[in-house]
Amino acid sequence: MDPTLPDPDLAIMQRALDLAHLAGSLGEVPVGAVVYRDSDGAILGEGYNRREIDNDPAAHAELIAIRAAAAALGDWRLNDCTLVVTLEPCAMCAGLIVNARVGRLVYGAPDPKAGAAGSLMSLTTDARLNHRVTPVTGVLADESAALLKAFFRGLRG
């Protein structure tokens, strides 16, 4: 265990990986996300990609988890929460992270083609925006990347 990470980050990332596996088994891109409260580690929201199932281009794991957490808290501001996600968020999800005032972001695999939390762009740390969150990167990155690679390899035959 990485001593620089708060205790729940690895365990919560494992839960996000379980959700990503579920998404993959349903024919969705295998990405999972979990929001937990920093003070006590309570899980407030979970999600996995559902774009194909819901025919919804916005049904990303992060969006689903953030919406569930806001509903559980009765507040759209998630300042005292951490979002853990298996893949670096895209521009849409990074924008939502900023708008929801997520306190911490932890992700597994980088996304060099669409990542908006450091790879392709850095929306979550852009000083021009009203909220910033510096991501903790690479948590169980190998496991997250392997899951994605296996999924896309399977699609190609």
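Our subject is the structure listed above.
To keep things clear, this report deals only with the structure shown in the data block. Note that this is a predicted model, so its numbers are computed, not measured. (Residues numbered from 1 in each chain as written. Predicted model: local features only at pLDDT ≥ 70, side-chain atom pairs only at ≥ 80, totals over all residues. Heavy atoms only, no water.)

**Considerations on the pairing of strand S2 (residues 43-48)**
Then comes step 1: Direction of pairing for strand S1 (residues 32-37) relative to S2: antiparallel, over a ladder of five bridges. Looking across to S2, one finds that Gly32 is bridged to Tyr48. (Pairing = 2+ DSSP bridges. Helix = DSSP H or I, 4+ residues; strand = E, 2+ residues; numbered from the N terminus.)

**A short note on the environment of Ala71**
Then comes step 1: Relative to the helices and strands, Ala71 is located in helix H3 (residues 61-73).
Then comes step 2: Counting along the chain gives 27 residues from Ala71 to Leu44, while the straight-line C-alpha distance between them is 8.6 Å.

**Points about the pattern of salt bridges**
Then comes step 1: All told, the structure shown has six salt bridges when counted by the stated rule.
Then comes step 2: Ionic pairing is found between Asp54 and Arg50, a salt bridge with its closest N-O pair at 2.9 Å.
Then comes step 3: Here Asp54 falls in the partly exposed class, since its relative accessible area comes to 35%.
Then comes step 4: The class for Arg50 is partly exposed, based on a relative accessible area of 23%.
Then comes step 5: Measuring nitrogen to oxygen at the nearest pair gives 2.5 Å for the salt bridge that ties Arg128 to Asp126. (Salt bridge = Lys/Arg side-chain N within 4 Å of Asp/Glu carboxyl O. Buried < 20%, exposed > 50% of the residue type's maximum accessible area, 1.4 Å probe, protein only.)

**A closer look at the packing of helix H1 (residues 7-25) against helix H5 (residues 141-156)**
Then comes step 1: Packing of H1 against H5 leaves a shortest axis separation of 11 Å and a crossing angle of 0°. Accordingly, the angle class assigned to the pair H1 and H5 is roughly parallel. Within the contact between the two elements, H1 uses Leu17, Ala20, His21 and Gly24 and H5 uses Glu143, Ser144, Leu147 and Phe151.
Then comes step 2: Tallied by class, the residues present in the contact of H1 with H5 amount to four nonpolar, three polar and one charged. (Axes fitted to C-alpha atoms, helices over the stretch in contact; angles between N-to-C directions. Parallel < 35°, antiparallel > 145°, perpendicular 65-115°, else oblique. Contact = heavy atoms within 4.5 Å. Nonpolar A, V, L, I, M, F, W, Y, C, P; charged D, E, K, R; others polar.)

**Topic: H3**
Then comes step 1: Between its terminal C-alpha atoms H3 stretches 18 Å, which fits the 18 Å expected from 13 residues at 1.5 Å a residue.
Then comes step 2: Of the positions making up H3, those classed as buried are Ala61, Glu62, Leu63, Ala65, Ile66, Ala69 and Ala70.
Then comes step 3: At the exit of H3 stands Gly74, carrying a positive phi of roughly 70°. (Expected span 1.5 Å × (residues − 1).)

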